[in-house]
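Here is what each chain is made of, one letter per residue.
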Amino acid sequence: MNKKFFLFILIILIFLPIEFLSYLIINRISNHPIIIKSKDLYQKRENNNYFKKFTKDYIDLIPYFNEPEEFENYVSKSNINNSFYVSINAFKKEQNENILIQGDSWAAFANTGKITNFLKNLSIKRNFGLYNAGKIGYSVSPMNVQLHLLRNKLNIYPSIIIAIMDQTDLGDELHRYQTFNKNTLQLENTYASYEFKKNFFNILDSKNFSILKLLRLSKEFFISRYKQFNNDFYKTCSYIISRIIYLIDDVPTVISPLVYGLEKDNKKIIKYRLNNYINNVFENNDLKKLVIVTHPHRNHLVNDKTKYKENISLIINNTIFNSPHKKKILHINFNDDFDYVYKNIEIEKIFWKNDRASHLTEQNYLDYYYPHIFSKCCN
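Keep in mind the model is a prediction, meaning the values are calculated, not measured. (Residues numbered from 1 in each chain as written. Predicted model: local features only at pLDDT ≥ 70, side-chain atom pairs only at ≥ 80, totals over all residues. Heavy atoms only, no water.)

1. Some words on the environment of F118
- Position of F118 relative to the elements: it lies in helix α6 (residues 113-126).
- Taking the C-alpha atoms as reference, F118 lies 9.1 Å from Y370; in sequence the two are 252 residues apart.
- Once you skip the residues sitting within four places of it in the chain, F118 turns out to touch L366, Y370 and P371. (Helix = DSSP H or I, 4+ residues; strand = E, 2+ residues; numbered from the N terminus. Contact = heavy atoms within 4.5 Å.)

Structure representation (structure tokens):
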């Protein structure tokens, strides 16, 4: 009897610290801003029967619509302008140029009131059409898909494309778009990603011991990444270890390539996908010019231990240099013109305060960023 009792006490003494530690980890995961945001978006999509209403032709764009309502508008209206692009000044054959802007949030900022008005007045003055297809979270792979659909489904053929490529595109490409198919232009992990989130949040919200939750989450995460890496055990383990390091260092996954730098193989992936996009851009022989725009983040400009080790502009320079289309590509690199563009403005007044993604303030997009781009590319 005493032995059983002591054994029971021993088990309790071992279990409680492990359960408590597991609870702390689960609690941290549950309250992480990225998890909260992802869960909120997942629940909105669930409430709107998101995956029951799409059309097959556009399944590859589903992960990149930011709100379910946006997708609802897209499938229910004959005019899909609000879902795919914003018309700042309509494309017309008689215009001097018809310009398409692509990119992520840096491009999407052009859809805000003051900046849109500036660009509209500029496009009217210089007699060019202007569409903005910028979407939050995009990088070169979804931009590639988007361009394919704009041309082939909506018959939009620009004479100039302005491709705004942010520093976070490196993290997006390596951690969000790994199953991009270069032949079909499809992002094939749509369902896999959805199913993983469904299982992940169900486990997280279940009423169970924290240690069991942690084990089940770990298993679910491993299986999903194992499939993502085509059943490559080594790549899967390496990826999971790196994600644990990011969590300990409090480094968002999308920022990690900037903080830690890129391995040779990952640089090859980025260059490969950039080349896919560039080659797709110039499939239309009437396209006059591709303008690629890059801008440093705040931590590229500091001289302390937080200085970033990677810069997308260097990879783009190398890719352009080796491209057969290089004579038709203009790289507007704000790294080169930074002091000239922003003159004597303090660095802390250029970027949003405490923004890990180093977005500019709205006034700086209006006064410096977009005026500089259009002064260089489209006079």
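Still more ground to cover, so stick around.
2. Looking at the side chain of Q146
- Position of Q146 among the secondary structure elements: in helix α7 (residues 140-152).
- Ignoring any residue separated from it by four or fewer positions in sequence, one finds Q146 in contact with F84, Q102, A133, K135 and Y138.

3. Some remarks on the packing of aromatic side chains
- Considering all chains together, one arrives at 20 aromatic pairs under this definition.
- Here F196 and F221 contribute two aromatic rings whose centre-to-centre distance is 6.0 Å and whose plane-to-plane angle is 55°, an arrangement assigned as tilted. Residue F196 is located in helix α9 (residues 190-205), and its partner F221 is located in helix α10 (residues 210-228); the two are separated by 25 residues in the primary sequence.
- For F196, a relative accessible area of 13% translates into the label buried. (Phe/Tyr/Trp six-rings, centres within 6.5 Å; stacked < 30°, edge-to-face > 60°. Buried < 20%, exposed > 50% of the residue type's maximum accessible area, 1.4 Å probe, protein only.)

4. Describing the pairing of strand β3 (residues 128-132)
- Counted residue by residue, β3 has five buried out of five residues, so it is predominantly covered.
- In β3, alternate side chains face the same way, and those of F128, L130 and N132 on one face and G129 and Y131 on the other are all buried.
- Summarising the sheet, strand β1 (residues 86-89) and β3 pair through three bridges and their orientation is antiparallel. Residue S87 lies in a different strand from β3, and its bridge partner there is Y131.
- In this structure, strand β2 (residues 97-103) lies alongside β3, joined through five bridges in parallel fashion. Its bridge partner lying in β3, N98 is registered against G129. (Pairing = 2+ DSSP bridges.)

Worth remembering: the numbers are spatial, not functional.
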